[in-house]
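Overview (structure and organization)
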Amino acid sequence: MASVRKLIVEVVDARNLHPKDGHGTSSPYVILDFYGQRRKTRVVARDLNPVWNEVLEFNVGKPSDVFGDMLEVDVNHDKTLGPTTRHNFLGRVRLNSQQFVKKGEEALIYYPLEKKHLFSWIQGEIGLKIYFVDDVAPPPAPPSPPPSEEVKAEPKSLEEAKAEVDAAPKADSEPPPAPEVAPTEPAPPSEASDHDGEVPDDDCFDPVESSTPMKQERFDHDQLRTSRSMPEIKIGGDIPIGPQPIPRTSSVSSFTTDVSDRFPIERSSFDLVEKMHYLFVRVVKARALPTPGNPVTKIVVSGCQVVSKPARKTMYFEWDQTFAFRRDVHDSTSILEVSVWDPLISSSMSDVAGHNFLGGICFDATEIPLRDPPDSPLAPQWYRLEGGGAHKGDLMLATWVGTQADESFPEAWKTDTAGNPSSRSKIYQSPKLWYLRATIIEAQDVPPTSSFQIKAQLGFQVQKTKSIATRNGTSSWNEDLMFVAAEPFSDQPLMLFLVEQRGPKETTVVGVASLPLASIERRVDDRIVVSKWLTFEDPNEEKRVYRGRIQVKIFFDGGYHVMDEAAHVCSDYRPTAKQLWKSPIGTIELGIVGCKNLLPMKSINGKGSTDAYAVAKYGNKWVRTRAISDNLDPKWNEQYTWRVYDPSTVLTIGVFDSCEEFGSDGQKEPTRSDFRMGKVRIRISTLEMGKVYKNTYSLMLLNAVGLKKMGELELAVRFVRMAPTLDFLNVYSQPLLPIMHHIKPIGVVQQEILRTVAVKITAAHLARSEPPLRREVVAYMLDADTHAFSMRKVRANWLRIVNVLSGVIDMVKWFDDTRSWKNPTSTFLVHILLMMLVWFPDLIIPTLAFYVFVIGVWNYRFRSRAAPPHFDPKLSLAETIDGNELDEEFDMVPCTRSNEMVRLRYDKLRMLGARVQTVLGDIATQGERVQALVTWRDPRATGIFVGMCLVVAVILYLVPSKMVAVTFAFYYMRHPIFRDRMPSPALNFFRRLPSLSDRIL
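Residues numbered from 1 in each chain as written. Predicted model: local features only at pLDDT ≥ 70, side-chain atom pairs only at ≥ 80, totals over all residues. Heavy atoms only, no water.

**Looking at the sheet that holds strand β36 (residues 635-644)**
Strand order across the open sheet formed by four strands is β36-β31-β42-β41, with antiparallel pairing between neighbours. Only two strands of the sheet have a single neighbouring strand rather than two, namely β36 and β41 (692-702). With direction set aside, neighbouring strand axes in the sheet form an average angle of 25°. Bridge analysis of strand β31 (residues 586-596) against β36 gives eight bridges, and the strand direction is antiparallel. Across the sheet, the residue bridging to Gly591 is Gln639, located in β36. (Pairing = 2+ DSSP bridges. Helix = DSSP H or I, 4+ residues; strand = E, 2+ residues; numbered from the N terminus. Axes fitted to C-alpha atoms, helices over the stretch in contact; angles between N-to-C directions.)

Right, here's the structure in full:
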């Protein structure tokens, strides 16, 4: 039955409103507007923290130019309840409907009230629950005309019905022409295939469905048995009509027509990739075939032969299957043959007598029409089968030449995928992940003689509290346990176990409590959640036996972003709760063109082979290209689009070799895991807006053997801004993570543990898709092993620090050269600048700012204009790494190497630790010497320092500070002939100060 969508707004309460009645209070009420509908709450008299708890309903209509999709909530003061007639506006909230969720996902959110204009004095916030519900629409009651009118109208309705029956088309007559449909923009092939896979979330664009449904014809059973005539085909209007068949006796001519002449390149939505032309054959159904079995169709073109699946027998023999044959310039034939065979006697299919050959059709491929979206789909036609003997049947099919932008391409059988059903391109959606926080407060009515701890379990996640001794039958913990849960929430509940600690290693489960995930409250801010009591039951008894109770706060924390990627390469920072999402600022378009010079990953019949496919991930949307079979230079030419919510995010593209091999029966053969071949990362903030970056990236793979170049990946990337310029620039001033990460941050160690759990949940979810996205692919794309120890990364990070400090080091060297008068002109100018800054100190900050501006403008000339930054083997020290260090980096935990190898690694680590120990000791020594200046460890040194401080204070009181600064600067920069080669007295004094290093054992 039809359903009607409604928007439900629960107006709960408001807090800290501004007084308006002149006596320090207000009498507020709320007015809500949505789609031209207005609702109003009751008035709460004289209350700055009113509570309404009212539920208001709005009908959700179609998008309108008059009424937008914004919900406006206005809070006003009722002037009739106060002695004043001043302005009654207390604040408002404007919310986009994209932030609203369906029933079951709602949460109480407090929105800060906004001003209507600049000079409004507004304060406070309002608490709302907003969600959609779908109600079943009642069927409309049929109109009941007066009896007299009904009798008069009856003959007229019968005549009209008879006329309609006479005018209806016969079974063998021409089918009515398909209605013309306005052209629509084509969708990427992977997006068009969403209807049988994972459903994209709101940040994915909706796929464009075919706007011209195929007209199904109906035939009478008796007529199907007796009629042998071919239906007449008439061409009229603008309906696309397929090619006419040619006689089967015609000679085969060579296919010499240039593809570029017959397939003109036109601009479409696939503007970042090259067009790939395919010959499409859609076999729909057949009729009047002289067989009781399930026939198949065989298609032969350009030396490629494919057999369809057996027909599904209904009123017709139905296949409804589409085939796509790649068309190249070097095709040697222009004949397309479509034949129908009866597979009852499979061994006689090659019999010269043709006992099970039911007929066929031949087409001249040069006359097949070109269809390029936004052209309407080609209508299938009935064709008479020839060559099958005296009994002739009819076959309905359509054939056309199109590109990968065709809506039939994603689900079609393709020649470059060798018929592998798991190789088609696909869009996947990551599961919606929530942080589940369980605050264990206390337990009561537990045995008073032991210590207890609480063990919480959610699926494979297990966490424990510390062990607490019982006092008067009560144990108190006040600990937070956090889990990761994925929607949709399964029937598996959150289990709480009361564990008794009877010995150092002996534990016993005393009681069990459970809580279904669907009943757990959701929180999107830092409001306090009301605690609840759960009852422990004896797990060993069949009947319910009371074993105590526990006070807990359990809720889903939707204000956090559940990290499943490393923080420095994250592709999304939005919180889990959709109500907190902001509008997108732009879109990122990715064109995956193809690969070049790939290395063979497996051997088939003594020949190197690679079945490569690409995976791209941004936000919670994953895309996978089709797997090109046995090709070292695959071409995908697929284009995808993501919405961008933050420019400081990273798009990741990986290339893999498919492990799935299919036998002659189409069944999967067990093989190895998908082999990684390298990946590319592109940071969105490094891209210029509107510019197309079409470059080739090296696929570098670092493994236990060393660095290997697996091939090259050609990509085209474009970032398009959607938000206004000021809104886009304002994003750079916003916090990177949601506000809950700053109000109540999660520790680094706990964050990494939760990230590991999130990766496992995401990998398990995507592995259940069809075709599956394998666990090893997800783990590689999400950098699941980022924090593994690597001596190579330690040295690389040290060199990064040195590179960052190189600017400061160069500045110190330049100043030392200036102080040494190596360039007298430069030293003289520095003296003049120094005097100006001393006498005019207000110029110091403007001078520094102008200097940084000049440096930035100067470096603008040398900005990168080619490819976006990519993996740098030199920066990663991947080209000069030692073999033992590489083996250590890829060794598993616990170590699997021999004891001798482990001992060598440990000795090397000890040597490195000794050097680090020395550096840390030197830093501590310098800090302790500074403390020794006033701690009187050395009485004479402290006395000298304190006396010098008194002299400096007196001099600075008597002499102007500018004179002191100029004198000190000139003395420091004096000519080398006036200096002593020995260290300065101040440095000698500092080095003689005592430290605590002599007290270390």
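Moving on from the model shown.
**What to know about unusual backbone geometry**
With an omega of -5°, the peptide bond between Glu487 and Pro488 qualifies as cis. The residue Pro488 is located in the loop between β25 (474-486) and β26 (494-501) in this model. Across the junction of Glu770 and Pro771, the peptide omega takes the value 0°, indicating a cis bond. With respect to the secondary-structure elements, Pro771 resides in the loop between α7 (748-767) and α8 (775-781). The phi dihedral of Asp320 falls on the positive side, at around 50°, and the residue is not glycine. Structurally, the position occupied by Asp320 is in strand β14 (residues 317-326).

**With respect to the sheet that holds strand β12 (residues 304-307)**
Strand order in this open sheet of four strands is β12-β11-β15-β16, and the pairing throughout is antiparallel. At either margin of the open sheet sits one strand with a lone partner, and together these are β12 and β16 (357-364). Neighbour-to-neighbour, the strand axes of the sheet open up by a mean angle of 15°, direction not taken into account. In this sheet, β16 lies alongside strand β15 (residues 335-341) in antiparallel orientation, the contact comprising seven bridges. Paired with Val340 across the two strands is Gly359, which belongs to β16.

**Quick look at the pattern of salt bridges**
In the structure shown here, the tally under the stated rule is 47 salt bridges. Arg38 is the partner of Asp33 in a salt bridge, and the nearest nitrogen-oxygen pair spans 2.9 Å. On the basis of relative accessibility, which here comes to 57%, the residue Arg38 falls in the exposed class. Ionic pairing is found between Arg527 and Asp525, a salt bridge with its closest N-O pair at 3.7 Å. The exposure classification of Arg527 matches that of Asp525, with both residues buried. Taken together, the shared-partner salt bridges in this structure form one network comprising Arg437, Asp480, Arg523, Asp557 and Lys744. (Salt bridge = Lys/Arg side-chain N within 4 Å of Asp/Glu carboxyl O. Buried < 20%, exposed > 50% of the residue type's maximum accessible area, 1.4 Å probe, protein only.)

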